[in-house]
Amino acid sequence: MVRVDLASSAIGAKIIKASNEKFGAAANLIKPEAPKQTKSKPDAWVTRRHNPETDWVVVRLGSAGTISGFDIDTRGLDGEHASQVSIQGCLAPEDSRVNGNGDIDEVEWEELLPQVDISANSRHLLALWTATKTPYNFVRLVLHPDGGVSRLRILGTVIANPEAEGEIDLACVTAGARVVRASDEKLGAKENLILPGRATADCAETQGWKTRRSRSEDSSDWAVVRLGEPGFLTRIELDTLTFDGDQPVSASVQACFTDLDNPERDSECFWYQIVPRIELNGNKLHKVDVTLNDVPFSHIKLVIHPDGGISRLRAFGQRVEEIEKEAAREKAEAAEEAALAVELGLDSSEPTTDSEPKPSSPSGSKKPKPADKPHAESSSDEKSSAVLAKKSKKSSKLESRKKKHTES
């Protein structure tokens, strides 16, 4: 399984507080790019010397997740590196404040990595025997007693927010998505496609997915993304920001449903085209409505023609689990309404709301109908209004029936 650097600023990690930053900012720790060799200010977090105790820095991870290992990088530091480090973690509210001792009120730090020796100008790849069962969203790196570290990578698996409601980007790393495979990533990592936010020109390492030049007009490249959760898709976005002149000529998007991580291993899996081949312009966000309310998908495949770079790929939709919970809630409400009608002596067979077919679940849609053409989606405001109107209508009808019963 692909591990994510949970402590990267590219996915939203933040430095909350550091005990000391005399010779190098703690923000350097979470840069996505490799440390640079500099003769002036180090591209690292470096504290003052002769510390009688320890130095520390608290990082809020870009997303809560289970942790499986660490990459402690001291490249560029020779003589200024820390001699020993340790790492602790905790799960706390996102807006938690850190006091002057590096602690969070009413939260206990748990040891993730005991005190270990580190060397100068080196990467220290340290794996846990087994990934943690508990998710963490804060970590504390401790230097014993002082010194510097260039980069800190916290390797793990994103735990998506189970309370997320409505339309979300199911293809974002912070939703639990991951890029399973790509045909080529010579000039830009495939994982960049699912980073949050838009790309920026000041960090080449996270600008996007970019393939080598092809020498055939019929050539194409592709990348397969497993969505954070199966969902009903409403909109696809292809962003070519930072790519102008080296964007693909055109692109299309396909989707499928499978329980496997890699769709190629599922002999019964079939790809359905949800976005037809469209022309792409440089430095532009391309939005395509693909509302498919009755078809759940678990993976999408971006196909570019013939080659080039895409900065971000978005797949907006609603989680299947949320749809099922909503259906169960409405069923329970209908049962409660019927029971009340019986109690009042009313005709429980009289409908109080229009029945509507519910989207099918993945288990009931093993072979969904192909989506040849995208069609217009209803906005989240329209959906909310429809739900409120339906509930209001149901309530009005029941009240009307209660009134008639009372008058009789």
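Because the structure is a prediction, the values reported are computed rather than measured.

Parameters at a glance
- Residues numbered from 1 in each chain as written.
- Predicted model: local features only at pLDDT ≥ 70, side-chain atom pairs only at ≥ 80, totals over all residues.
- Heavy atoms only, no water.
- Core = buried A, V, L, I, M, F, W, Y, C linked by side-chain atoms within 4.5 Å.
- Buried < 20%, exposed > 50% of the residue type's maximum accessible area, 1.4 Å probe, protein only.
- Contact = heavy atoms within 4.5 Å.
- Helix = DSSP H or I, 4+ residues; strand = E, 2+ residues; numbered from the N terminus.
- Pairing = 2+ DSSP bridges.
- pLDDT = per-residue confidence, 0-100.
- Salt bridge = Lys/Arg side-chain N within 4 Å of Asp/Glu carboxyl O.

Participant: It is not clear to me how the nonpolar core should be interpreted in this structure. Could you clarify?
Facilitator: Residues Leu-141, Ile-300 and Leu-302 are the most contacted members of the largest nonpolar core, which totals 67 residues. Sequence-distant contacts of Leu-141, that is, excluding residues within four places in its chain, are made with Leu-29, Trp-45, Asp-55, Trp-56, Val-57, Val-85, Ser-86, Ile-87, Val-149 and Leu-152. Counting residues in hydrophobic clusters, the runner-up holds 10 residues, among them Trp-56, Val-98, Val-107 and Val-142.

Participant: I keep staring at the pairing of strand S14 (residues 221-239) and nothing clicks. Help me out?
Facilitator: Successive side chains on a regular strand alternate, one facing one side of the sheet and the next facing the other. Of all 19 residues that make up S14, 15 are buried, and the element is covered over most of its length. Bridge analysis of strand S12 (residues 178-182) against S14 gives 4 bridges, and the strand direction is antiparallel. Among the inter-strand pairings, Arg-181 is bridged to a residue of S14, identified as Val-224. Sheet topology note: the S14/strand S18 (residues 296-305) ladder contains 8 bridges and is antiparallel.

Participant: Would you mind showing me how to read the environment of Trp-45 here?
Facilitator: Mapped onto the fold, Trp-45 is located in strand S3 (residues 45-46). Assessed through its relative accessible area of 0%, Trp-45 is described here as buried. Through-space distance from the C-alpha of Trp-45 to that of His-81 is 9.4 Å; in sequence the pair is 36 residues apart.

Participant: What exactly am I supposed to notice about the confidence of the model for the chain here?
Facilitator: Should pLDDT be low for a region, the predicted coordinates there are not to be read in detail. Looking at the chain, pLDDT values average 86 and 83% of them are 70 or higher. This model gives residues 352-395 a pLDDT under 50, and the stretch forms 63 contacts once residues within four places in sequence are excluded. Low pLDDT, under 50, characterises residues 401-408; the stretch is placed with 12 contacts to residues that sit more than four places away or in other chains.

Participant: Quick question: what am I supposed to make of the pattern of salt bridges here?
Facilitator: Side-chain pairing between opposite charges can occur once the charged atoms of the two side chains come close. Under the counting rule described, the total for this entry stands at 21 salt bridges. Of the charged contacts, one joins Arg-49 and Glu-80 as a salt bridge, the two residues approaching to 3.2 Å between their closest N and O atoms. Of this pair, Arg-49 sits in the loop between S3 and strand S4 (55-73) while Glu-80 sits in the loop between S4 and strand S5 (84-90), and the two are 31 residues apart along the sequence. Judged by relative accessible area, which is 52%, Arg-49 ranks as exposed. Of the residues examined, Glu-80 reaches a relative accessible area of 31% and is grouped as partly exposed. Here Glu-191 makes a salt bridge to Lys-190, at a shortest N to O gap of 3.1 Å. Classification of Glu-191 by relative accessible area gives partly exposed; the value is 31%. For Lys-190, a relative accessible area of 13% puts it in the buried group. One network of salt bridges, with partners in common, ties together Lys-31, Asp-43 and Arg-151.

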